[in-house]
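# Residue-level structure breakdown
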There are 2 protein chains.
Amino acid sequence: MYRIAVDCMGGDHAPEAIINGAIASLDSTPDTKLFLFGPAATLENLLSQKTYDKSRVEVIDAPEVISLHEAPVLAIRRKKDSSIVKALHFIKDKQADAFISAGSSGAVLAGGQLIVGRIPGIPRPPFGALIPTAKGVSLLLDSGANVDAKPEWLLQYAKMGSIYMKEVVGLENPSVGLVNVGAEEEKGNALVKETMPLMKELKDINFIGSCEARDIAGGACDVIVCDAFVGNCILKMYEGVGHMLLSQIKSAIKSSPVSLIGGALIKGSLKETMKKFDAKQYGGAPILGLNGLVVKVHGNTDGREVTHAIRQCADFIRADAVRKIAASIAAETTPEA
Amino acid sequence: MYRIAVDCMGGDHAPEAIINGAIASLDSTPDTKLFLFGPAATLENLLSQKTYDKSRVEVIDAPEVISLHEAPVLAIRRKKDSSIVKALHFIKDKQADAFISAGSSGAVLAGGQLIVGRIPGIPRPPFGALIPTAKGVSLLLDSGANVDAKPEWLLQYAKMGSIYMKEVVGLENPSVGLVNVGAEEEKGNALVKETMPLMKELKDINFIGSCEARDIAGGACDVIVCDAFVGNCILKMYEGVGHMLLSQIKSAIKSSPVSLIGGALIKGSLKETMKKFDAKQYGGAPILGLNGLVVKVHGNTDGREVTHAIRQCADFIRADAVRKIAASIAAETTPEA
């Protein structure tokens, strides 16, 4: 049984959407046992209206809620009875192996480090973001955890990302690129120039060198490594440009009766094509390098991303990925930072 | 007369495309005198096939060409008779006030600094990039000149960008945003945290605080300030995501006979909408902070961007922008870095 803890109180549509997403996963992802964290009465009331295999779902009472506006570390320290803190202790105590939350990114990241703890030798667990590309999906990391990164952190991101894409996404020999401002050897800022030769020496990854931001959406490499400031800008440019262009196209279509008819005729094909760019199907952003898997789901999730995140967690646990990451890091002498 | 030097030997379609673009500007941008740099016989041969006001165009012989593959600083030092070096000396000697090239960015940037020279107090002239947004156009700087920036450089980018958007693009009180990974005060990397309070104190700009990458394409602010590594990633994500999405939509439309008909029906409206996202109409990337305006045009230009760049240069010269930038920088005690 793959034991997965779910924070039912995070996100814009909690707890209904989260519970719906969790229950929906029971059929599509077998062999899981789900632990739902939140105020017991509320959750049980919602669950009582549903038909599902009760042996695979357990409610754990967590009456407090950490809001988006609270300072993350303070909230983690003070709200011992919150769904996030109680669930993370559950992971720490090995009562479950993975945790999913659509709540505060900061609280999930801080709590993951403070409560679940880091794998020895990994000073800064990164946020991974699974981003759809023209070719499939790539893992961008660090997409938001640690700004002002050091070269050693980026080396670890490359290794952990490779393990994730191989074991969870199922890619053979995933390629790794280091985000850079040009393909030439001499390009880059101080961080990239220092990291490049070190990353070339890593034997257990398929490093292909510089990855220009222009080539990311086309699927230039499977694991995209960068500092969190850059990674966050890349992720948000992707969202922002995509959103803006699609809304411009929509209003162009609405601008005349003829193009409205045209729009109706292309709708089917367009929907099919755009489906693969729906980040929701990839199931959230994993934080790698902790003693368990912690997955952050978009706050605006309608529950479907939770369903996919549960599948992702089951794959991660099945692959024994925490142990594989720990072994890969231990294989190198990595300075603690 | 606004005197503008044009490098006819840079870009994929030089010299024909460049000359076409330059000649096309004569009608739309009056009061200019153009100096065309390149091998005289070649340029004159091309010009002899055209009808134009000969009193406004002068060929200056520059037999050498700097290629994209040459090390910029070395090429600038060695190829004294290249179109780039001879034209930049022309600016330095005040025989013209602005220079346009579709050639090597590195050579144009290095040559601009080494030959034309920096305005006193400006240690690092940035590359500006005019990017189309849902609301109009924004200036992103630094889009590629100086990685590992210091706070003082970013402050200068904010001022120079404001002057540019006001004087050349014609915006009243242009808003300035500092690229950041969140809107909250405590967010940011070391550079942003150090720069933020200093930028708030600048009196001569309309600073609106953090600008998240997600909001750039929507037109969140008129002047977008960041380090060149981040700026280059933003610019290239914009290009890459736009290109990828549009090609996905095209292949979706081609995927069935019904959607092909639909595509034909929306084509007119779509073309109209997409026109405003054609970066070419904004006429290239200005390097700000030099003793003259230097504008880099895309290497793949078909000449139209040159036409627009010439208009941009004329506006810049008319506005006396070099003097205004120098005055604005001199008004503060800015440490040389």
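Data block above holds the structure.
So, a few notes on the structure that sits alongside this text. (Residues numbered from 1 in each chain as written. Chains lettered and ligands numbered in written order. Predicted model: local features only at pLDDT ≥ 70, side-chain atom pairs only at ≥ 80, totals over all residues. Heavy atoms only, no water.)

### Focus: the interface of chain A and chain B
Going by this rule: In this description, contact between two residues means that some pair of their heavy atoms is separated by no more than 4.5 Å. Here the quantity called buried area is the total loss of accessible area, with a 1.4 Å probe, experienced by two parts when brought into contact, counted for both. Here, a salt bridge means any Lys or Arg side-chain nitrogen found within 4 Å of an Asp or Glu carboxyl oxygen. Counted as a polar contact is a pair of N or O atoms within 3.5 Å, where, for protein atoms, one must be capable of donating a hydrogen and the other of accepting one, and residues adjacent in sequence contribute only when both atoms are in side chains. Only DSSP runs of H or I reaching four residues or more are called helices, and only runs of E reaching two or more are called strands; each is numbered from the N terminus.
Every contact between the two is made by 51 residues of chain A and, on the other side, 51 residues of chain B. A combined buried area of about 4,400 Å² lies between chain A and chain B, and 76% of that area is made up of carbon and sulfur atoms. Together, Arg214, Phe229 and Met237 of chain A form the three largest contributors to the area buried by chain A at its contact with chain B, with a combined 16%. For the salt bridge of Glu239 of chain A with Arg214 of chain B, the shortest nitrogen-to-oxygen distance reads 3.2 Å. The tally of links from chain A across to chain B stands at twelve residue pairs in polar contact (both at pLDDT 80 or more). Considering each element in turn, the side of chain A that touches chain B owes the most residues, 20 residues, to helix α8 (residues 228-253) of chain A.

### Quick notes on the sheet that holds strand β5 (residues 128-132) of chain B
All names here are of chain B. Formally: Strand pairing is assigned whenever DSSP identifies at least 2 bridges connecting the two strands. Orientation is described by lines fitted to C-alpha atoms, with helices fitted over the stretch in contact, and by angles between N-to-C directions that extend from 0 to 180 degrees.
The five strands lie next to each other as β5-β6-β9-β7-β8, forming an open sheet whose pairing is mixed. The open sheet terminates on both sides in strands that have one partner only, identified here as β5 and β8 (206-212). Pairs of neighbouring strands in the sheet enclose a mean axial angle of 30°, with direction left out of account. With respect to the sheet, helix α7 (residues 190-201) is in contact with β7 (175-180), β8 and β9 (223-225), its orientation differing from that of β7 by roughly 165°.

### A short note on the nonpolar core
In plain terms, the rule: What is meant by a nonpolar core is a set of buried Ala, Val, Leu, Ile, Met, Phe, Trp, Tyr and Cys residues, joined one to another through side-chain atoms within 4.5 Å. Partly exposed residues are those whose accessible area sits between 20% and 50% of the maximum for their type, while under 20% is buried and over 50% is exposed, using a 1.4 Å probe and protein chains only.
Grouped together as the largest cluster of nonpolar side chains are 188 residues, with contacts concentrated most on Leu36, Met199 and Val225 of chain A together with Met199 and Val225 of chain B. Those residues in contact with Leu36 of chain A that lie beyond four places of it in its chain are Val6, Cys8, Ile19, Ala22, Leu43, Leu47, Val57, Glu58, Val59 and Ile60 of chain A.

### Let's talk about the pairing of strand β11 (residues 293-296) of chain B
All names here are of chain B. Where burial is concerned, the two faces of β11 agree: the one with Leu293 and Val295 and the one with Val294 and Lys296 are both buried. Sheet topology places strand β4 (residues 98-101) next to β11; four bridges connect them, and they run parallel. By the bridge assignment for β11, Ser101 is matched with Lys296. Remark: five residues form the turn of the hairpin made by strand β10 (residues 285-287) and β11, two consecutive strands paired antiparallel; Gly289 in that turn has positive phi of roughly 100°.

### Looking at the packing of aromatic side chains
Residue and element names in this part refer to chain A. The following threshold applies: Here a pair means two rings of Phe, Tyr or Trp (six-membered ring of Trp) with centres within 6.5 Å. Their orientation is stacked below 30 degrees between planes, edge-to-face above 60, and tilted elsewhere. Whether a charge lies above a ring is judged from NZ of Lys or CZ of Arg, which has to be within 6 Å of the ring centre and within 35 degrees of the ring normal.
A full pass over the atoms with the stated rule returns six aromatic pairs over all chains. Each ring, one from Tyr164 and one from Phe316, has its centre 6.0 Å from the other, and the planes form 40°; the classification is tilted. In this pair, Tyr164 sits in helix α6 (residues 151-167) while Phe316 sits in helix α10 (residues 304-318), placing the two residues 152 residues apart along the sequence. Given the relative accessible area of 4%, Phe316 is considered buried. Aromatic rings pair up to connect Phe35, Phe37 and Phe90 into one cluster. Looking at Lys54, its charged tip hangs above the ring of Tyr52, at a distance of 4.6 Å from the centre.

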